[in-house]
Amino acid sequence: MQQIREQTLAINKPDALKERVTEYKKRTSADVTKPHPAFLLQALLALVFSLQAQPSDALQSVLTKPSLPGIHPSADSSSGTDKPVKKKQDLTDTVHYEADKIDYDAEAKRLILTGNARIDYQKITLYADTILYLIDQDIFTATGMPQLVESGDTTVGDYMIYNIKTRRGRVNHASTHLSDASFNGNRIVKSKDNELYVDAGDYTTCARIDTPHYCFYGRNIKIIPNDKIISRPVVLNIGEAPVAALPYFIFPIERKRRSGFLTPVWGGHPSGGGYLDNIGYYFAPNDYVDFTLHSRVYEFREFVLNAASSWALKYRLNGSLSARYALNTDFLNRRNEWAINFSHDWNITPDGKTRLSGAGNLLSTKTSRYNFIERYSEDSLELREQSLKANLSFSRQFDRINSRLNLSVDRTHNLRTDMVNDNLPILTFNVPSRPLIPHETTGKNDSLKWFNNIYWGYDARGIMKHTGSASRSDTVKESYHPGMSQSINCSAPQKLFKWITVSPNFSARVSTFLGYKDTAVLRYDTLYDTVQYVTTDTTGKDRFDDYTFIRYEFYSRNQFPEEDSVRVFKHKMRSIPVHNEYPHAVSHVPSWKTGVSVSTNLYGLFPIHILNFAGLRHTFSPSLSYTFTPEQKLEKEFYDAGISYDRGHKRSQQVNFSLGNQFEGKIVKETNEGEKPQEQKFTILSFGLSTGYNFEAERRKWSDLSMNASTGFKNIRLTYNSGFWFYDEMNRLSAPLMHDMSINLSIGTLGAKGMFWGGDLIVLDSLQPDDPVKYANVNKNDWNLSLTPNFTFSMTRSTPTEMFTPTKQYGLNSSASVNITRNWSLQWSSTYNFQANQWVQNSINMACDLECWNMRFQWRPEKLNPGYYFIIHIKKIPEIKWEQRR
C-alpha cells in the first residue's frame, strides 16, 4: 500500500516533477499534434455545453500577460535591457536560507546561495542549485532545476524568478502542481492575483504524471485557481491520441456546485425515432436552493420541457418541485400535456412540534394520464403503481395536555380506472391514554393506589370524502360525504394476589353522518368499468384478465413502417344495488360496550442438560374476558366516508378464551477461567388457541377456533395459522372442522461471499506490462450473493362439504456483486414475481474506476421499465463526459 501511495502522490515530489519537465521539453520542441479527423462528436458537445458564462474580455486576457514590476525579465525576453522599477517593500516575516556556499554582497544587498540552496519565508519554500536573492527588491532568481512550494502547490522548471512580497513570478520550461491538478508549459507566469498564464502547455488531474490517462493541450492558457481555466485553442488527448479540438474553451475547476449549461445527449429507438435530450441550464444562486431547466426533442415534432427546483435549510425545511410539459405537433395527434411532482417538509417552530408537510404528483386532464406516464416517465415505481397521489398535512403537538392535532388533505387518482378519491380535509385530535387521577409523590409512601391505575383516552376524527371520475364520466356518480366520530375509552388494570391481572374496561363512540340510505334494496343497476392501455398484443390478453376485450386502435409504427403497438379497450360489468336515499338528513349512531378481562402467566422450568443446552422454560398464558354489547337497532346504511360505526346487531354477552404457550431454551457458552459463563436464550416454539362463547346467540354460540404456531432458528421462520368450525353443515355441534389454513416460510436473507484470488490477475492494458502503478494496486477480488425468498401456501373453503381451494404465493429478491479487478465491478439486483412470471425489477450494473476516469453502465432487462444508461466522465471535471441512455 505504501508503494501505491508513493506512485499516486508522485506529483508532489521534486524528482518526479523534474523528470516531467525534461520530458516536456522534448514534447514542446515539436509542433502541436494535430487531432485525428475522427473526433468524438459527443466529447465535442460535452466541451461546448460545459462552458460557463464569462465577460467578453475573458479570452483576450489569455494572450495579454501582466507586467511584473520589480522582477527582472528572463534571459530570452526581448526587454532584457530594461531595468526594473525599484520599490521599497518591507517583509513582514523573517527569511531563512541555507546552502553549501553563501556569498553576501553588503553594498549591493545581494545574497548568492550555491549548492543545495533553500530559502523559507512564511508558507513559501524554494529549492534550487543556485539562488540569487535581491534583498531590497524581495526577488529570488533560481537556476538549476528550481522547485517552489507554496501552500502545498509545487512548481518545477529550468529558470525561475519570483517576488516573495507580491507573490508574482515566472518559470521557464515549468511543471506545476496546483491543488489536485498539474500544469506543464514552456513558460508559466504568476500574477499578483495568484493567476497562472501558461504558454504551450497542458492540464490534467490524473495522478500518472508521466503517462496521464488524459490531458488538455493549449497554446495560451489562463488558470484562475478554484474558479476556471481559459484556453485558446484546446485539444483533448486520451492517452497520446487527440480526440477532440475546439478554438477556445472555458471550463470550471471549482469544487462547489455552480451555475452552467447542461451537457446534451442524444439517442434513438426503432419505434420512437431519434431524440435530443438534456438541453438546458442549471442555476444555483446560493447554498439553499437550486433550479434546473432542460428539454427533450423527439424527431422535431414532440417536445418535452422539464423544470425542477430543490431547497433545504437544516433543521427547518426541505423540499423539491419538478414539472414536465409535453407538446406534440403532429397534425393527426396534436396535444399538450403536463405533470407536476412536489414534496415539502417544514418545521414551523424550532422545537419541531408544529409541522407542515406534503407530497404528491399531478397531471393535466386534457388527455390520457396513463399514456403520459407510460410515454415520458423513466421511474419504475411510477410506472408500476399507475396512480397519482397528493397530500398536505399540518400537525401540532400540545405538551401541556399531551395531545396532538392533525389537519390533512389527500387525493388518490387511479389511472387505470380513472377514479378519484379525495379527503377534504381530515381533522384528527388525539389524547393518549393517561391516569384519571395522577400519582403524586409525597415522600412518605410513593406506592400507587388502586385509583391511580384508572386510565382514560379520547379520539376525535372528522372528514369530508369525495368520490368521482377525473374525466367527469356520466357512468360514475360524483359524491361528497362528510362524517365525524368521537370515542372515549377507560380501563383500570388491577393486581389480584400479585400474579393475576384483572382489568375492567369501558368504551363509547358516537358517529355522525350527513345522508343515509335504507338497507332494503329496490333494484340492481348494471355499470361497466372501462380501462385502456398501450401494448403490442392485439388480443389484449397480457393485462386485466378479468375484463372483457372490446376493441383495439392503432397507436404507433416502427421504422419500416409497421404497426408495432396498439391501444386496447376493455370493460367489466358491475351490478349496483339501488336504495332509497336521504342525502340531507343528519344521523347520529351512538354505541358502547363494557367488559372485564383476567390474565396471568405461569412458568415451568425443565432442567434438561444436553451438551451446552442448559434448560427449557415453558410459559403458559391463559386469558379470560367478558364483553357486554347492548342491542343496536339500525335500519340505515351510511355512505363510505372513512368513519367506522356499529351496524345493527343484537345484544351480545361474549366470553373469549385464549391459551398461549411459549417454549424457550437456554444455551451456556463457556468463558475463560474465573469468568461467568455466557447465557443465550432463544424461542423454540410459540403456540396459541382462542375461541369464544356468546350467551345471547340463538344458534352457533361457539365462535370459530383459531390456532397459530411459529418456530424458527436464526433467520429461518415457519408460521402456521388455521381456523375451525365447531358446527357442521346442519348447524350441529361437532368436533372442530378446518375451514382455512396458511403456512408461511421465511428464511430471511441467504448470503454467501468469497474471494476469487488475492490480487488483480486481470489487467486493463496488456500493452504496458511494466506499469508499476497498475501492478502495485493489487486488491482482493471478492464476491457476494444474497437471496431473500418467501413462500406462502394457503387453502380455504366456505362450507364443511366443499373441497379446499389451494393458493400458492412465491417471491424472490436477489442480488449479487463481484469485484473482477480493483477497477472493475459488476452488480445485479432483481425482484421476481412468480404469479406474473416476470421480473418486476431487474438491474445489471457495471462500473470501472480508472483513477481519473469513472465509467458506469446500467442495463434493465425487465418488462415494466426496460432500457440502459451509460456514462463515462472525468472524476474531477464531471462536466467532461460521454452519456447515453434509452
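Computed from a predicted model, the values in this text were never measured in an experiment.

Peer 1: Explain the overall build of the chain residue by residue, including any values.
Peer 2: On a plain count of helices and strands, the chain comes out with 7 helices and 51 strands. For the chain, the proportion of contacts with a sequence separation of at least 24, taken over those separated by at least 6, is 51%. By element, 56% of the accessible surface of the chain is carried by carbon and sulfur atoms, the whole surface being about 50800 Å².

Peer 1: Report on the packing of aromatic side chains, specifying residues and quantitative values.
Peer 2: The tally for this structure, following the rule as stated, stands at 20 aromatic pairs. Pairing phenylalanine 283 with phenylalanine 291 gives two aromatic rings, centres 6.3 Å apart and planes at 20°, and the pair type is stacked. For phenylalanine 283, a relative accessible area of 39% translates into the label partly exposed. Where phenylalanine 513 meets tyrosine 645, the ring centres are 5.2 Å apart and the plane angle is 75°; that geometry is what we call edge-to-face. Linking phenylalanine 513 in strand 31 (residues 500-518) with tyrosine 645 in the loop between strand 38 (636-637) and strand 39 (652-669), this pair joins segments that are 132 residues apart in sequence. Classification of phenylalanine 513 by relative accessible area gives buried; the value is 3%. Taken together, the ring pairs connect Phe513, Tyr516, Tyr582, Phe638 and Tyr645 into an aromatic cluster. Here arginine 396 stacks its cationic end above the ring of phenylalanine 398, 5.7 Å away from the centre of that ring.

Peer 1: Explain the side chain of threonine 354 to me, using residue names and the numbers behind them.
Peer 2: Checked against the element boundaries, threonine 354 lands in strand 24 (residues 354-363). Within the structure, the side chain of threonine 354 is placed 2.4 Å from the side chain of arginine 396, a separation counted as a polar contact. If sequence neighbours within four positions are ignored, threonine 354 has contacts with Trp346, Asn347, Ile348, Thr349, Phe394, Ser395 and Arg396.

Peer 1: Got a sec to walk through the pairing of strand 22 (residues 317-328)? Specific residues and values, please.
Peer 2: Summarising the sheet, strand 21 (residues 302-313) and strand 22 pair through 12 bridges and their orientation is antiparallel. Bridged to phenylalanine 303 within strand 22 is leucine 327. In textbook terms, the turn of a hairpin is the stretch between consecutive antiparallel strands, and for strand 21 and strand 22 this stretch comprises 3 residues, one of which, tyrosine 315, has a positive phi near 70°. The pairing of strand 22 with strand 23 (residues 335-347) spans 12 bridges and is antiparallel.

Peer 1: Quick rundown of the pattern of salt bridges? Include the residues and the values.
Peer 2: Per the stated rule, a full pass over the model turns up 16 salt bridges. Arginine 110 serves as the salt-bridge partner of aspartate 105, at 3.8 Å between the closest nitrogen and oxygen. With a relative accessible area of 29%, aspartate 105 lands in the partly exposed category. One salt bridge connects glutamate 195 with lysine 222, and the closest N-O pair in it is separated by 3.7 Å. Of this pair, glutamate 195 sits in the loop between strand 10 (181-190) and strand 11 (196-204) while lysine 222 sits in strand 12 (residues 214-224), and the two are 27 residues apart along the sequence. Like glutamate 195, the residue lysine 222 is buried in the burial classification.

Peer 1: I'd like a description of the environment of proline 146, backed by residues and values.
Peer 2: Relative to the elements of secondary structure, proline 146 occurs in the loop between strand 5 (139-143) and strand 6 (147-150). What makes proline 146 buried here is its relative accessible area of 0%. Beyond its immediate stretch of four places on either side in the chain, proline 146 contacts Tyr127, Ala128, Thr155, Val156, Gly157, Asp158, Tyr159 and Met160.

Peer 1: Break down the nonpolar core for me, citing the residues and quoting the values.
Peer 2: One finds Ile131, Tyr203, Phe216 and Ile223 to be the most contacted residues of the largest nonpolar core, which totals 45 residues. Ignoring any residue separated from it by four or fewer positions in sequence, one finds isoleucine 131 in contact with Leu111, Ile112, Leu113, Ala117, Arg118, Ile119, Leu126, Phe140, Thr141 and Ala142. Listed in part, the 10 residues of the second largest apolar core include Ile463, Val589, Ala641 and Ile643.

Peer 1: A description of the pairing of strand 50 (residues 867-874) should follow, citing residues and the corresponding values.
Peer 2: Among the 8 residues of strand 50, 6 are classified as buried, and the element is accordingly described as predominantly covered. In terms of strand pairing, strand 49 (residues 853-860) meets strand 50 through 8 bridges, oriented antiparallel. Along strand 50, the bridge assignment pairs phenylalanine 857 with phenylalanine 870. Of the pairings in the sheet, the one linking strand 50 to strand 51 (residues 881-885) comprises 5 bridges and is antiparallel in character.

Peer 1: An account of a nonpolar patch on the surface is requested, with residue identities and associated values reported.
Peer 2: On the surface, a nonpolar cluster with roughly 730 Å² of combined accessible area is contributed by Leu293, Phe300, Phe303, Leu305, Tyr325, Leu327, Trp338 and Leu362. Secondary-structure elements contributing two or more residues to the nonpolar patch are strand 21 and strand 22. By secondary structure assignment, the location of leucine 293 is in strand 20 (residues 289-298).

Peer 1: Tell me about the confidence of the model for the chain, and name the residues and values.
Peer 2: For the chain, per-residue confidence averages 78 on the pLDDT scale, and residues scoring 70 or more make up 80% of the total. Considering only residues more than four positions removed or in separate chains, one finds that residues 1-18, a stretch of pLDDT under 50, has 24 contacts. Under a pLDDT of 50 for its full length, residues 762-770 has, in the predicted model, 13 contacts with residues more than four places off or in other chains.

Peer 1: An account of the side chain of serine 710 is requested, with residue identities and associated values reported.
Peer 2: Residue placement: serine 710 occurs in strand 41 (residues 705-713). Looking at serine 710, the relative accessible area reads 16%, which means it is buried. Reaching out from serine 710, the side chain makes a polar contact with the side chain of arginine 717 at a distance of 3.5 Å. Leaving out residues up to four positions away in the same chain, serine 710 has contacts with Ile684, Leu685, Ser686, Arg717, Leu718 and Thr719.

Peer 1: Now, about the environment of serine 175: what can you tell me, with residues and values included?
Peer 2: Locating serine 175 in the fold gives a position in strand 9 (residues 168-178). Here serine 175 falls in the buried class, since its relative accessible area comes to 2%.

Peer 1: Kindly report on unusual backbone geometry, identifying the contributing residues and their values.
Peer 2: Here the amide bond leading from arginine 232 into proline 233 is cis, since omega sits at -10°, within 30 degrees of zero. Structurally, the position occupied by proline 233 is in the loop between strand 13 (228-232) and strand 14 (234-238). One non-glycine residue, asparagine 116, lies in the positive phi region at around 50°. Assignment of secondary structure puts asparagine 116 in strand 3 (residues 110-121). Positioned with a positive phi, histidine 173 is a non-glycine residue whose angle comes to about 45°. Considering the arrangement of structural elements, one finds histidine 173 in strand 9. With relative accessibility at 28%, the residue histidine 173 sits in the partly exposed group.

Peer 1: Report on the state of the cysteines, specifying residues and quantitative values.
Peer 2: Under the defined criterion, the tally for this structure stands at 0 disulfides. Free cysteine: cysteine 852, not disulfide-bonded; nearest cysteine sulfur from cysteine 206 at 3.6 Å.

Peer 1: If you had to explain the environment of tryptophan 839 to someone new, which residues and values would you point to?
Peer 2: Structurally, tryptophan 839 can be placed in strand 48 (residues 838-850). Through-space distance from the C-alpha of tryptophan 839 to that of lysine 863 is 6.9 Å; in sequence the pair is 24 residues apart. The residues touching tryptophan 839, leaving out its near neighbours within four places in the chain, are Trp828, Ser830, Thr831, Tyr832, Pro861, Glu862 and Lys863.

Thresholds applied
- Residues numbered from 1 in each chain as written.
- Predicted model: local features only at pLDDT ≥ 70, side-chain atom pairs only at ≥ 80, totals over all residues.
- Heavy atoms only, no water.
- Helix = DSSP H or I, 4+ residues; strand = E, 2+ residues; numbered from the N terminus.
- Contact = heavy atoms within 4.5 Å.
- Areas by Shrake-Rupley, 256 points an atom, 1.4 Å probe, with all protein chains shown as cover.
- Phe/Tyr/Trp six-rings, centres within 6.5 Å; stacked < 30°, edge-to-face > 60°.
- Buried < 20%, exposed > 50% of the residue type's maximum accessible area, 1.4 Å probe, protein only.
- Lys NZ or Arg CZ within 6 Å of the ring centre and 35° of its normal.
- Polar contact = N/O pair within 3.5 Å; in protein donor to acceptor, adjacent residues only side chain to side chain.
- Pairing = 2+ DSSP bridges.
- Salt bridge = Lys/Arg side-chain N within 4 Å of Asp/Glu carboxyl O.
- Core = buried A, V, L, I, M, F, W, Y, C linked by side-chain atoms within 4.5 Å.
- Patch = residues over 30% accessible without salt bridge, like charges linked within 9 Å, V, L, I, M, F, W, Y side chains within 5 Å.
- pLDDT = per-residue confidence, 0-100.
- Disulfide = S-S within 2.5 Å.

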